[in-house]
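Residues per chain, in single letters:
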Amino acid sequence: MIDLLPPGVALAFAAAFGAVAGSFLNVIIYRLPLDKSVVWPSSACPHCGRELSWYENIPVASWLALGARCRTCRASISARYPFVEALTAVMFAAAWWYYGPGVLLASRLVLGCALIALFAIDLEHHLLPNAITLPGIVVGFVFSFFAEPGWVASLIGAIAGGGVLFGIAEAYYRVRREEGLGMGDVKMLAMVGAFLGWRLALVTLMLASLSGSLVGLLLIVSQRAGMKYALPFGTFIAIGAAVAASVGPALLDWYLRMLQP
Ligand SMILES: [Zn+2]
């Protein structure tokens, strides 16, 4: 039935659905690190605690209409809310357009939502909650029986993705005597491996290290942070995995062709 819709309408539906999903991701991003329930109670102003009415809960639009402030206490509302909603909306529309309807689309949307939540939580709290990464590994593995990358590549991906990063974390700790990577990063890359398979998990790790070093270098050059400023690596894993899920196979092809004489 969905094939009968004009492409533009289907895309708009996907984006609207994504905005609503993003609104729920905001609840997870705000409440999970505080150990609050994500299903109860309904959304409230984090500052004065007043419950929000339906028209204050419309993704992006409410934030704009209310001028980024709570209607009662005038406390400013973080731009993270409309940003996450808009990002999730764009992600849903892009994934719909790129993958088309099917199990692979569902798998990639679930991964995308997990990545957005982990990205935001790691950026703010330097934390990658087990409540997302561990179920994520299982869900990614289950999806792999019905869609790419297949269960063998998924299983190897979870083990290799987590294993490689665990090895790096161990080596770093032995050499530097301080923790550079957390177990959260290990579990997050294992989750990415379960969803995308071992090849794209390695692409993810390379992209994450590359973008992480680049941003780290920029921060040092601009003297915004010392050498020891701990950048949350999970945010870069999220960026790397998003790129790997879309252009990863093409990137891998290009790289392997370059290696041939
Ligand atoms: Zn308020």
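About the criteria used
Every residue gets a number counted from 1 within its own chain, in the order that chain's sequence is written. A pLDDT threshold of at least 70 governs which residues receive local features in this predicted model, and a stricter bar of 80 or more applies before side-chain atom pairs are shown or counted, although totals over entire chains, interfaces and linings include all residues. No hydrogens and no water enter the side-chain calculation; it runs on all heavy atoms of the structure. The donor set covers N, O and S atoms within 2.8 Å of the metal, switching to 3.2 Å for Na, K and Ca, and it leaves out water, so a site may look short of donors. Metal sites are grouped by the angles between bound donors: all angles between 85 and 135 degrees with four donors is tetrahedral, opposite donors over 155 degrees apart with the others between 65 and 115 is square planar for four donors and octahedral for six, and any other pattern is irregular. Stacked, tilted and edge-to-face pairs are distinguished by plane angle, under 30 degrees for stacked and over 60 for edge-to-face with tilted covering the rest, among Phe, Tyr and Trp rings (Trp via its six-membered ring) whose centres lie within 6.5 Å. Remark: exposure states derive from per-residue accessible area (1.4 Å probe, protein chains only) relative to the maximum for the residue type, with buried under 20%, exposed over 50%, and partly exposed in between. In our convention, an over-ring charge means Lys NZ or Arg CZ found within 6 Å of a ring centre and within 35 degrees of that ring's normal. By the criteria applied, helices consist of DSSP H or I runs no shorter than four residues and strands consist of E runs no shorter than two, each listed in order from the N terminus. Expected helix span is taken as 1.5 Å per residue step, with the number of steps being one fewer than the number of residues. What the bend at a residue measures is the angle between two axes, fitted to the seven residues ending there and to the seven starting there. Between Lys or Arg on one side and Asp or Glu on the other, a salt bridge is scored when a side-chain nitrogen of the former is within 4 Å of a carboxyl oxygen of the latter. The criterion used for residue contact is that any of the two residues' heavy atoms lie within 4.5 Å. Among buried residues, those of type Ala, Val, Leu, Ile, Met, Phe, Trp, Tyr and Cys that are joined through side-chain atoms within 4.5 Å constitute a nonpolar core. Here an angle of 0 to 180 degrees is reported between the N-to-C directions of two axes, which are lines fitted to C-alpha atoms, with helices fitted over the stretch in contact. The cut-offs work like this: below 35 degrees is roughly parallel, past 145 is roughly antiparallel, 65 to 115 is roughly perpendicular, and the gaps in between are oblique. In a left-handed crossing the near helix is turned counterclockwise from the far helix by less than a right angle, and in a right-handed crossing that turn is clockwise. Think of it as three bins: nonpolar holds Ala, Val, Leu, Ile, Met, Phe, Trp, Tyr, Cys and Pro, charged holds Asp, Glu, Lys and Arg, and polar takes everything else, Gly as well. pLDDT expresses how confident the predictor is about each individual residue, on a scale running from 0 to 100.

Here we come to the coordination of the zinc ion. Note on the zinc ion: its protein donors are Cys45 (SG), Cys48 (SG), Cys70 (SG) and Cys73 (SG). The metal-donor distances range over 2.3 to 2.4 Å. Seen from the zinc ion, its four donor atoms lie at angles of 107 to 114 degrees, and the figure they make is tetrahedral. Counting gaps between the donor residues of the zinc ion yields the pattern C-x2-C-x21-C-x2-C.

Next up on the list: the packing of aromatic side chains. If you walk through the whole model with that rule in mind, you get seven aromatic pairs. Look at tryptophan 54 and tyrosine 55: their rings are 5.7 Å apart centre to centre, the planes differ by 85 degrees, and that puts the pair in the edge-to-face class. Overall, tryptophan 54 belongs to the exposed group, its relative accessible area being 68%. For the ring pair phenylalanine 141 and phenylalanine 145, a centre distance of 5.2 Å and an interplane angle of 75 degrees mean the geometry is edge-to-face. According to the relative accessible area criterion, phenylalanine 141 is partly exposed, its value standing at 26%. Judged by relative accessible area, phenylalanine 145 falls into the partly exposed class, the value being 47%. Of the aromatic side chains, those joined through ring pairs into one cluster are Trp97, Tyr98 and Tyr99. Here the guanidinium or amino end of arginine 80 rests over the ring plane of tyrosine 81, the centre of that ring lying 4.8 Å away.

For an α-helix, the turn length of 3.6 residues means that residues three or four places apart are oriented alike. With 27 residues, helix α8 (residues 233–259) ought to run about 39 Å at 1.5 Å a step, yet its terminal C-alpha atoms sit only 28 Å apart, falling short of that. Its maximal kink placed at valine 247, α8 deviates by approximately 75 degrees, while the proline proline 249 follows within four residues. Residues of α8 that are buried: Phe233, Gly234, Thr235, Phe236, Ile237, Ala238, Gly240, Ala241, Ala244, Ala245, Gly248 and Leu252.

On to the pattern of salt bridges, then. Any two side chains of opposite charge can pair, given that their charged atoms come close. Following the criterion strictly, the structure yields four salt bridges and no others. We note a salt bridge from glutamate 56 to arginine 71, for which the minimum N-O separation is 3.2 Å. One end of the pair, glutamate 56, is in the loop between α1 (7–31) and α2 (61–65); the other, arginine 71, is in the loop between α2 and α3 (80–99), with 15 residues separating them in the sequence. In this structure, glutamate 170 engages arginine 174 in a salt bridge whose closest nitrogen and oxygen atoms are separated by 3.1 Å. With glutamate 170 and arginine 174 both in helix α6 (residues 151–176) and four residues apart, this pair spans about one turn of that helix. Judged by its relative accessible area of 58%, arginine 174 falls in the exposed class. The network of salt bridges with common partners includes Arg50, Glu56 and Arg71.

What follows is about helix α5 (residues 130–143). Look at α5: 19 Å from first C-alpha to last across 14 residues, which is about the 20 Å you get at 1.5 Å a residue. The principal kink in α5, of about 25 degrees, is found at glycine 136. What α5 keeps buried is the set Ile132, Thr133, Gly136, Gly140 and Phe143. Packed against the buried residues of α5 are α1, α4 (103–125), α6 and α7 (183–221).

Once that is clear, we can look at the nonpolar core. Formed by 47 residues in total, the largest nonpolar core has its most connected members in Leu115, Leu165, Leu196, Phe233 and Ile237. For this core, the elements supplying multiple residues, two or more each, are α1, α3, α4, α5, α6, α7 and α8. What leucine 115 contacts, discounting residues up to four positions off in sequence, is Met188, Met191, Val192, Ala238, Ala241 and Ala242.

The next subject is the environment of serine 222. Inspection of the secondary structure puts serine 222 in the loop between α7 and α8. Between the C-alpha atom of serine 222 and that of phenylalanine 119, which follows or precedes it by 103 residues, the distance is 23 Å.

Before going further, it helps to spend a moment on the packing of α5 against α7. Contact geometry for α5 and α7: axes closest at 7 Å, N-to-C directions at 20 degrees. Taken together, α5 and α7 sit at an angle that is classed as roughly parallel. At the point where α5 passes α7, the crossing takes the left-handed sense. Every residue of α7 that contacts α5 at Asn130, Ile132, Thr133, Leu134, Gly136, Ile137, Val139, Gly140, Phe141 and Phe143 is listed here: Gly184, Lys187, Met188, Ala190, Met191, Ala194 and Phe195. Here the residues of the contact of α5 with α7 sort into eleven nonpolar, five polar and one charged.

This prediction gives the protein a mean pLDDT of 90; 96% of its residues lie at or above 70. Averaged pLDDT values over the elements of the protein bottom out at 91 in α2 and peak at 98 in α5.

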